[in-house]
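Geometric and topological summary
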Amino acid sequence: MAAARYWRLVPRGPGLSLHTAAAAAVTAPEMIGPAVAAAPVARYPPIVASLKAKSKAARQRRVERWQAMVHAAESVDEKLRILTKMQFMKYVVYPQTFALNADRWYQGFTKTVFLSGLPKPPAEPAPAPALDLAALRAAACDCLLQEHFFLRRKGRPPLYREYETIGSPFLDQLVAALMGLLSAHNPALAAAALDCKRPVHFYWLRGEEIIPCGHRKGRVDALRYQINDKPNNQIRMSKQLPEFVPLDYSVPIEIPVMNCKPDKLPLFKRQYENTIFIGSKTADPYCYGHTQFHLLPDKFKRERLLKKNCADQIEVVFRANAIASLFAWTGAQAMYQGFWSEADVTRPFVSQGVVTDGKYFSFFCYQLNTLALTTQADQNNPRKNICWGTQSFVFYL
Amino acid sequence: MALASAPARRALARPGRLGLGGCGAPRRGAYEWGVRSTRKPEPPPRDRVYEIPGLEPITYAGKMHFMPGLARPVFPPWDPGWTHPKFRRLPPIHEQPLYKDQACYVFHQRCRLLEGVKQALWLTKAKLIEGLPKKVLGLVEDPRNHIENQDERVLNVISHARLWHSTEDIPKRETYCPVIVDSLIQLCKSQILKHPSLAKRICAQNYRLSTTWNRESLLLQVRGSSGARLNAKDPLPPIASREEVEATKNHVLETFYPISPTIDLQECNVYDVEDDTGFREGYPYPYPHTLYFLETANLRPHRFQPDQLRAKMILFAFGNALAQARLLYGNDTKVLEQPVVVQSVGTDGRVFQFLVLQLNTTDLASNEGVKNLVWVDSDQLLYQHFWCLPVVKKKVVVDWFPSPWR
């Protein structure tokens, strides 16, 4: 038998049997001297569960071995590779979705509490120069007028993309102009990196289900989620933004718990590459996020939602987009620093977001306090992620 | 309907080309109008009575059914009274409203001129000067205009564009070329604290340009949009002094006989002569400052050669300058007292071409007189090569050149 053969090989190698090696180890410290406190040396090798048996203990040991591999990985790239290399069916979460009450579902998936209104700004040590509102307003008006009126474009915009063809260049110009004008107040903005339509990906596990059918029927399986987002613009910095509230700040509001499977949202499963990406790779020194700008496509126009009798879903669309996109971005930033669900973040990761459909703007702030969302890591985790947000208000009349 | 398409009509009009090609397989064009078995049957030939002049054929049209002995009626083609936007038939070229007898040679963004820069200089009546003008070089060398950690930041920009900005191992040129240009412009804009005039500029994509001018009995036009344009509130100051401008009178334009100067330009008879800067009146940033041309195609044959790219830059800069001059000083052809200056940058992600054009005169019909001036700085490599895959286990930018960055 293979096992018996294996046993015979072991003593032949170094010439000693296992028993003699253990006996030598036991006698060695006694021989060194009584001054050294005799550390309790194991007389027998540790009794652990089997590695390849078809049992729950073996599975637990395999999971722990995999987690130890991630902890022992030297570079962040290797950690991310080990965490994302196995592909299974996962839910694809779209930040911009037509699903009803999607923001409550997304709060559950990402363990986020939503607070309306923006957080209090931190007390500034030095008085900042007065904000030149007139210049900012003039710059914004110029960008608006250029895209909407002065620029003569070729041909008609494609069907159902009128808002996007005007809104996307308008946002680009607005962000560039505001970055230039506000760099007097925030010198870090002058050195920041600006991305246009770069993808942001995040992959995480949350919750469990019993597999309903298939050869693994009846077994417990984790729920996997993936966000593939493409913000219109994003600003990345090399220094992290300061936190809004302390890491263990407890919010009395409960996170909405949904009683059915995510499939009811509707959310669909697919199996493809698991990617974690903030907009550039791990080697980039600009690895912390500042602000994201999202443009809602024509599908989520106010007029369209009102025609469908979904007037209450207007704010939901903005909130769902912000929660999902900002969670993905801050989560990816945290993973780029080496944190993951078993090695939770030691400092909060903060980012901001602006969601617009061209005419109505909403502002959001997000603080990531915990990445431990898997069932195993979430057992004694009181921390919650927090998202602050405003209502959408009109930018121009 | 398959037979309503033009290729079907062409096939029917030339019956000699019908029949199967070699090997018993249908010809390639057959799939356009359908195989023979599915083709609509040809209409029966007209009655002989129609060929006899002076005879009025008696047909069964009034009886509304076939009658042996009477001629088959021939009806005029049916006019439905409205046109479906998918099946619109354009009128023939001679009947279109913008048809003119004189042919116009149009330069658009995909025109590759055979003679390159020489042809562009002849078409725009310009004199070439190698290297950028001293004023611009002076700005570059001025240490006050240098950015702190310039080298390190540009290296970061190159690495970001060539390596980091996408999840693939080797990003394609279609993505890295615009990323590198945007990042470099962003780096320039970061100097806004030192140079507040940078705030008075705005970038515009997808603008539509159209200008026409006469050149020795040839009507030339620049039309279309390509790349981004940086607009400014204040015009660029003229670079060459009046003496240098007067001195260009003695310069003779280089001809390239026997090649015609209109080679590779699109010849068309249906065109509009109106000038269009791409923006409406009252635009707060009326003066063109810099144009950016990106060659982003992944395959080398789809990209422009450096010479063709320089020619395209000259012609578009000239088109913008001419439209601006006509807007400011009217349509008369004259020598401008305040020359219009437009800059241009063209790149394919690694090799940069810089151009400054000064429009001195709108009198372009004759070969004599004051010429326009063009300063060109060509083929500046930003970096020699970029190894994306680990060579000896490290990712390296080999030998990058700080000069084009300045």
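Parameters at a glance
Residues numbered from 1 in each chain as written. Chains lettered and ligands numbered in written order. Predicted model: local features only at pLDDT ≥ 70, side-chain atom pairs only at ≥ 80, totals over all residues. Heavy atoms only, no water. UniProt positions renumbered as here; feature names shortened; annotations may be inferred. Contact = heavy atoms within 4.5 Å. Buried area = accessible area lost by both parts, 1.4 Å probe. Salt bridge = Lys/Arg side-chain N within 4 Å of Asp/Glu carboxyl O. Polar contact = N/O pair within 3.5 Å; in protein donor to acceptor, adjacent residues only side chain to side chain. Helix = DSSP H or I, 4+ residues; strand = E, 2+ residues; numbered from the N terminus. Nonpolar A, V, L, I, M, F, W, Y, C, P; charged D, E, K, R; others polar. Buried < 20%, exposed > 50% of the residue type's maximum accessible area, 1.4 Å probe, protein only. Axes fitted to C-alpha atoms, helices over the stretch in contact; angles between N-to-C directions. Parallel < 35°, antiparallel > 145°, perpendicular 65-115°, else oblique. Left-handed = near helix turned anticlockwise from the far one by under 90°. Disulfide = S-S within 2.5 Å.

- The name given to chain B in an unreviewed UniProt entry is Large ribosomal subunit protein mL37, with Equus asinus as the source organism.
- In UniProt, chain B has this text filed under Sequence similarities (unreviewed entry): "Belongs to the mitochondrion-specific ribosomal protein mL37 family."

- In the nomenclature of an unreviewed UniProt entry, chain A is known as Mitochondrial ribosomal protein S30 of Equus asinus.
- Reading the Subcellular location (unreviewed entry) entry of the UniProt record for chain A gives the comment "Mitochondrion".

**Regarding the interface of chain A and chain B**
- With 33 residues of chain A at the contact, the number on the chain B side is 37 residues.
- Taken together, the two surfaces of chain A and chain B that pack against each other cover about 2,900 Å², and 54% of this comes from carbon and sulfur.
- Of all residues in chain A, Phe-150, Arg-152 and Lys-281 of chain A give up the largest surface area on contact with chain B, accounting jointly for 25% of the area buried on that side.
- Here chain A is connected to chain B by 1 salt bridge.
- With a closest N to O distance of 2.4 Å, Arg-152 of chain A and Asp-276 of chain B form a salt bridge.
- Counting across the chain A and chain B interface gives 14 residue pairs in polar contact (both at pLDDT 80 or more).
- Of all the secondary-structure elements, those providing two or more residues to the side of chain A that touches chain B are α6 (133–150), α7 (162–182) and β3 (193–196) of chain A.
- The residue makeup of the side of chain A that touches chain B, split by class, is 16 nonpolar, 8 polar and 9 charged.

**Topic: the pattern of salt bridges**
Residue and element names in this part refer to chain A.
- Under the counting rule described, the total for this entry stands at 22 salt bridges over all chains.
- Put simply, Asp-103 and Arg-319 hold a salt bridge, and the shortest N to O gap is 2.7 Å. One end of the pair, Asp-103, is in helix α5 (residues 102–110); the other, Arg-319, is in helix α10 (residues 313–336), and 216 residues separate them in sequence.
- For the salt bridge of Arg-224 with Asp-221, the shortest nitrogen-to-oxygen distance reads 3.3 Å. Neither Arg-224 nor Asp-221 differs from the other in exposure class; each is buried.
- When salt bridges with common partners are traced through the structure, they connect Lys-111, Arg-206 and Asp-378 into a single cluster.

**Observations concerning the packing of helix α3 (residues 117–124) of chain B against helix α8 (residues 306–329) of chain B**
Residues and elements named next belong to chain B.
- Orientation of α3 relative to α8, taken along the N-to-C sense of each, is 15°, at an axis distance of 8 Å. When the interaxial angle is binned, α3 and α8 end up roughly parallel. Handedness of the α3/α8 crossing: right-handed. Of the residues in α8, those in contact with Val-117, Ala-120, Leu-121, Leu-123 and Thr-124 of α3 are Asp-307, Arg-310, Ala-311, Ile-314, Leu-315 and Phe-318.
- Here the contact of α3 with α8 is built from residues that sort into 8 nonpolar, 1 polar and 2 charged.

**Focus on the state of the cysteines**
All names here are of chain A.
- Scanning the model with the defined rule gives 0 disulfides over all chains in all.
- With no disulfide of its own, Cys-310 has Cys-260 as its nearest cysteine by sulfur position, at a separation of 18 Å.
- The class of Cys-310 is buried, set by a relative accessible area of 14%.
- Its sulfur unpaired, Cys-365 is 8.1 Å from the next cysteine sulfur, which belongs to Cys-387.
- Note on Cys-365: relative accessible area 7%, which makes it buried.

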